[in-house]
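Close look at the chain arrangement
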Amino acid sequence: MQRLNTVLVCLTALALAPFAQAQNPAQSPDFAHNNTPIWPLSGTVLTAPELQAPEDFGKPVIFVNAGHGAPRNSGSLSLFCTWEMDHNLRVQDELAEHLEQTGLFTVVRGRHSEHRTSYASRLESLAASSAVLMVELHADVREGGTLWEPTPGVECVRNLGKTGFSVLFNDSATGALLEGRTTLARAVSAGLRDAGFRPYHGSDYEGAYQADIPGVWRDRRGLMMLRRPEIPSVIIETHNHQNPDEVARWAEPATRQAFYATVATALVSTLTADN
Ligand SMILES: [Zn+2]
């Protein structure tokens, strides 16, 4: 087995800058004890891995899916009251473009534009795609936030803690499928940590997910897109989109590019691993 990697998200950048500046880092629950800033505070730098693949790598098909955006399913609301499905679609499209531009992958997308797409139809598309790996993208929300008004008269939840990414997989399979799921999930998480992203500690996950390595969680909810595909699949919760610091960092192109490069490297390492 080789190396691992992953992550990402977005929103409107300019509108977020005041939050990163307004919060006193010394009061942040995510500020390190030795006064060294850690992700997602400003001053932390992400490092995108350099993509390398063997000459005989070929051009495998990857299924990239934006979570939610199904009929009557928009996902959660960010601290700016924007829908998660919109963030997920942006990340899906940017990741797909990044993977295609490497020349190493053919990408099939689970959602297209603003159209609502059922999960059943996505599974049909996946089965017909010849894809060998699937990555689904989400933004997370976590307990402990408080209401605030991003604009006068509009209330949403803002959470000053509980930052970080999560990678989810289903361990109910056997043999090569279980090996592939495990390898992909761990590759994405290890890559994200190497790049400088911080894994969520998971205090809200009890009963829903079981801890694996840092940043990786074994699904106990039976999520369809982790359970049903006959190829290895993972869900990446890119960040807590109710946390102002993390949303501000995800609005930076450099953050998203580091995430995409990490996912690309994790895909290569998974497909070249000795299972
Ligand atoms: Zn979601």
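Treat the numbers as computed from the prediction; the structure is a model and nothing was measured.

Points about the overall build of the chain
- Counting secondary structure elements, the chain contains 7 helices and 9 strands.
- Burial analysis of the chain (275 residues in total) assigns 45% to the buried set.
- Put simply, of all contacts in the chain between residues at least 6 apart along the chain, 76% involve residues at least 24 apart.

Description of the packing of helix α4 (residues 175–195) against helix α7 (residues 253–271)
- Close contact between α4 and α7 brings their axes to 9 Å; oriented N to C, the two are set at 145°. Seen from above, α4 lies across α7 with right-handed handedness. Two secondary-structure elements touch here, α4 through Gly180, Thr183, Leu184, Ala187, Val188, Gly191, Leu192 and Ala195 and α7 through Ala258, Thr262, Val263, Thr265, Ala266, Ser269 and Thr270.
- Split by residue class, the contact of α4 with α7 holds 8 nonpolar, 7 polar and no charged.

Observations regarding the pairing of strand β6 (residues 166–169)
- Every second residue of β6 is oriented toward a common face, with Ser166 and Leu168 on one face and Val167 and Phe169 on the other, all of them buried.
- Here β6 runs beside strand β9 (residues 233–240); their pairing, made up of 3 bridges, is antiparallel. Residue pairing for β9: Val167 is matched across the bridge by Ile236.
- Summarising the sheet, β6 and strand β8 (residues 216–219) pair through 3 bridges and their orientation is parallel. By the bridge assignment for β8, Val167 is matched with Val216.

Quick look at the confidence of the model for the chain
- Chain-level pLDDT for the chain is 89 on average; 87% of the residues reach the 70-or-more range.
- This model gives residues 1–28 a pLDDT under 50, and the stretch forms 97 contacts once residues within four places in sequence are excluded.

Comments concerning unusual backbone geometry
- Residues Trp39 and Pro40 are joined by a peptide bond in cis, for which omega reads 10°.
- Among the secondary structure elements, Pro40 is positioned in the loop between α1 (17–22) and β1 (61–66).
- Despite not being glycine, Arg72 shows a phi value in the positive range, around 55°.
- Here Arg72 is to be found in the loop between β1 and α2 (84–101).
- Arg72 sits in the exposed class, given 5 other C-beta atoms within 10 Å.
- Despite not being glycine, Cys81 has its phi angle at roughly 65°, a positive value.
- Residue classification places Cys81 among the partly exposed residues on the basis of 13 C-beta atoms within 10 Å.

Description of the packing of α2 against α7
- Between α2 and α7, whose axes approach to 10 Å, the crossing angle comes to 55°. Between α2 and α7, the interaxial angle falls into the category oblique. At the point where α2 passes α7, the crossing takes the right-handed sense. Each of Glu94, Leu95, His98 and Leu99 in α2 lies in contact with α7, whose residues at this interface are Arg256, Tyr260, Val263 and Ala264.
- Split by residue class, the contact of α2 with α7 holds 5 nonpolar, 1 polar and 2 charged.

About the thresholds
Residues numbered from 1 in each chain as written. Predicted model: local features only at pLDDT ≥ 70, side-chain atom pairs only at ≥ 80, totals over all residues. Helix = DSSP H or I, 4+ residues; strand = E, 2+ residues; numbered from the N terminus. Buried ≥ 20, exposed ≤ 12 C-beta atoms within 10 Å, placed from the backbone. Contact = placed C-beta atoms within 7 Å. Axes fitted to C-alpha atoms, helices over the stretch in contact; angles between N-to-C directions. Left-handed = near helix turned anticlockwise from the far one by under 90°. Nonpolar A, V, L, I, M, F, W, Y, C, P; charged D, E, K, R; others polar. Pairing = 2+ DSSP bridges. pLDDT = per-residue confidence, 0-100. Parallel < 35°, antiparallel > 145°, perpendicular 65-115°, else oblique.

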